[in-house]
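Next come the chains, spelled out residue by residue.
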Amino acid sequence: MKKYSFAILFGLCLMLCPGAWSHVGSPDVYYEAMAGPYKLFVTVRTPPMVPGIAQIEVRCLEGTVNDIEIVPLRVIGEGSKTTPPADRMARTVGDSHFFTGKLWLMESGSWQVRMDVSGTEGKAQLAVPVPAYAQRTLGMQKTTGLVLAGLMIFLTVSLVSIFGAAARESQLEPGIEIPAAGRSRARIVMAVAAVAVVGILFLGDMWWTSIATIEANTNVYKAPPVEVSLSGENTLVLKIGPSPWHEQRKQMQLDNIIPDHGHLMHLFLLRMPEMDDFYHLHPEESAIGTFTDKIPAVGGGSYAVFADIVRESGFPDTMTAKIDLPAKDKGATLTGDDSNTVAQKISTVQTDRTTAPLGSGVHVEWLLDTTTLRAQKPELLRFRVTRNDGGVANDLEPYMGMAGHLVIFRRDLAVFAHVHPAGSIPMAALGLLQQSNASGGHSMAGMSDDVTTNEITFPYGFPQAGDYRLFLQVKRAGHVETAVFVAHVKP
Ligand SMILES: [Cu+2]
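Residues numbered from 1 in each chain as written. Predicted model: local features only at pLDDT ≥ 70, side-chain atom pairs only at ≥ 80, totals over all residues. Heavy atoms only, no water.

A.B. asks: When you look at the coordination of the copper ion in this model, what are you seeing that I'm missing?
C.D. replies: Tetrahedral coordination by four donors places them ideally at 109.5 degrees to one another around the metal; octahedral coordination by six donors ideally gives 90 or 180 degrees. Coordination of the copper ion by the protein involves His261 (NE2), His405 (ND1), His418 (NE2) and His420 (NE2), with metal-donor separations of 2.0 to 2.4 Å. Its 4 donor atoms give the copper ion angles of 89 to 138° at the centre, a pattern that matches the irregular case. For the copper ion, all donor residues lie on one chain, and their spacing in sequence is H-x143-H-x12-H-x1-H. On the criterion of sequence distance, the pair formed by His261 in the loop between strand 12 (257-258) and strand 13 (266-272) and His420 in the loop between strand 26 (416-419) and helix 6 (427-437) is long-range, its members being 159 residues apart. (Donors = N, O, S within 2.8 Å, 3.2 Å for Na, K, Ca; no water. Tetrahedral: all angles 85-135°; square planar, octahedral: opposite > 155°, others 65-115°. Helix = DSSP H or I, 4+ residues; strand = E, 2+ residues; numbered from the N terminus.)

Structure below.
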């Protein structure tokens, strides 16, 4: 890699830097909602760089939509009020319920895509929260890198040999043999020149790396660092560190954390590498940026930590960390919305199973519409809670205002997503949009006081191929129950 960045000293440059991800590795937005009488499934593929183009896809699931106009706006503040000219989405030839469009997102931050929908049953509006951030710097193409590295070697060798030739032959009359003294002088000059050129390259690389690091730190999104430790017997302490990315954008980010479906933080612990011991906790903020929670008995081992927060602007952060926890038989009792489950070790699970036990007497069927899940393909992941005796399970209650919560991890933790029946959007951002765009609606978008069906759907697209583990959480008779699935997603 380094040799590529040497090459920029010869005049051609592009930045090379490893990717940084947020929310983790799942940047696209999946959202299902009613726009008036029309049921829409919206996918927003966020640009990897900002400014950049977001690709928008809308599938109309209910009703007949003829036209959709889209416009990007901020979620809150002045930028949420002035509406730029709208773009019309294109209706797909041969699939009249599918629309595609593009929008420029000019700055990082918390955006919404506002849609004006018209169809056979009149006009309606829908707003989709879209967090925009530079996800990475573009890597250099391999061939370009190889060409530049080749040029660098060629130019270095040439330069050194020019010095050598100058020392050896520049003061000789034509036709005269090179004396031995000239040869050895040339060797010394070449050695000095080689050291000097390599030194210049080295310093240049240092300069380039430092500039690239500054750029990457300020422009490429990175979740704030979080330090997780165990205090006393069973208190987990999370300290959120400073985030250069957020500090640069303080004006528009607004640093305060707001509750997302009832809690300032949703904290997930997953024992690795077997992905078996799972916790969904809700620490309280004990000081600004410091969260604490009493943890229950744990199996002990190395746990991956994912902490979700949402800022005042509607921008979500998922912070990641690791912690080793000692095995304990006794801990705090889980209260309120906190929950946990101990799943089968993933290495012993058959991958083709689409049913999983839930609580007593019930299980969950994953109704896969397609036998193969594909990366980046928008899906409505459908789950049905069924009694083991074959009857309909009709005792589901809302868990934190929703029929279900789906927590998705890729086997290597490169992907983490916390998805709801409304989709992968932060519910708090949806709440902000509803407040500002409200025309009288009282219930929080996507939230409900009761669950009327035993079927729960989650709009989502697995971002990358690979093996995943899914934790589906529902509430029955006052208890949170978790069904655990595995999924194999193809490229
Ligand atoms: Cu949730």
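That shown, we press on.
A.B. asks: Sorry if this is basic, but what is going on with helix 3 (residues 180-219) here?
C.D. replies: For the α-helix, the turn length of 3.6 residues means that residues three or four positions removed from each other point alike. Over its 40 residues, helix 3 extends 58 Å from the first C-alpha to the last, a length consistent with the 58 Å expected when each residue adds 1.5 Å. Taken residue by residue, helix 3 has Gly182, Ala186, Ala193, Val197, Leu201, Gly204, Asp205, Trp208, Ala212, Ala216 and Thr218 as its buried positions. (Expected span 1.5 Å × (residues − 1). Buried < 20%, exposed > 50% of the residue type's maximum accessible area, 1.4 Å probe, protein only.)

A.B. asks: What exactly am I supposed to notice about the environment of Gly478 here?
C.D. replies: Mapping Gly478 onto the fold places it in the loop between strand 28 (466-476) and strand 29 (479-490). On a C-alpha basis, the gap between Gly478 and Leu396 in space is 9.2 Å, while along the polypeptide they are 82 residues apart.

A.B. asks: I would appreciate a short explanation of the confidence of the model for the chain in the present structure.
C.D. replies: If pLDDT is low for a region, its predicted coordinates should not be looked at in detail. Mean pLDDT over the chain works out to 87, with 91% of the residues at or above the 70 mark. Low pLDDT (under 50) marks residues 1-22, which in the prediction has 57 contacts with non-local residues, meaning those over four places away or in another chain. Predicted confidence for residues 439-443 stays below pLDDT 50, and this span has 1 contact to residues more than four positions away or in other chains. (pLDDT = per-residue confidence, 0-100. Contact = heavy atoms within 4.5 Å.)

A.B. asks: Help me understand the environment of Lys345, please; the structure alone is not making it clear to me.
C.D. replies: Relative to the helices and strands, Lys345 resides in the loop between strand 19 (339-342) and strand 20 (355-357). Expressed as a C-alpha distance, the spacing of Lys345 and Arg382, which sit 37 residues apart in the sequence, is 24 Å. Beyond its immediate stretch of four places on either side in the chain, Lys345 contacts Glu274, Asp276 and Arg469.

A.B. asks: Any chance you could explain empty space enclosed by the protein here in plain terms?
C.D. replies: Picture a little ball the size of a water molecule; that probe, rolled over the atoms, points out where space is still empty. In total, this model carries 2 cavities of 30 Å³ or more according to the counting rule given. In terms of lining, the largest cavity is formed by 25 residues, of which the most central are His23, Pro316, His418, Ser424 and Pro426. Of all elements in the fold, only strand 17 (301-311), strand 18 (316-325) and strand 26 reach the threshold of two or more residues within the lining of the largest cavity. A total of 4 residues in the lining of the largest cavity trace back to one element, the largest contributor, which is strand 26. In terms of residue class, the lining of the largest cavity is built from 14 nonpolar, 7 polar and 4 charged. (1 Å grid on protein atoms, 1.4 Å probe; cavity = no way out; pocket = protein on both sides within 12 Å on 5 of 7 lines; lining within 4 Å. Points joined across faces, edges and corners; volume = space filled by probe spheres on them. Nonpolar A, V, L, I, M, F, W, Y, C, P; charged D, E, K, R; others polar.)

A.B. asks: When you look at helix 2 (residues 142-169) in this model, what are you seeing that I'm missing?
C.D. replies: When the terminal C-alpha atoms of helix 2 are compared, their 40 Å separation across 28 residues agrees well with the 40 Å that a helix rising 1.5 Å per residue should span. Regarding helix 2, the residues found buried are Gly145, Leu148, Ala149, Met152, Thr156, Val160, Gly164 and Ala167.

A.B. asks: For this particular structure, what's the right way to read the sheet that holds strand 1 (residues 29-35)?
C.D. replies: Sheets are built from strands paired through backbone hydrogen bonds, the pairs being either parallel or antiparallel. On the basis of which strands lie adjacent, the open sheet formed by 5 strands has the order 1-2-3-7-6 and antiparallel pairing. Two strands bound the open sheet, and with one partner strand each, they are strand 1 and strand 6 (90-92). Each neighbouring strand pair of the sheet contributes to a mean axis angle of 25°, computed without reference to strand direction. Bridge analysis of strand 3 (residues 52-62) against strand 7 (residues 95-105) gives 8 bridges, and the strand direction is antiparallel. Paired with Gly52 across the bridge in strand 7 is Leu105. (Pairing = 2+ DSSP bridges. Axes fitted to C-alpha atoms, helices over the stretch in contact; angles between N-to-C directions.)

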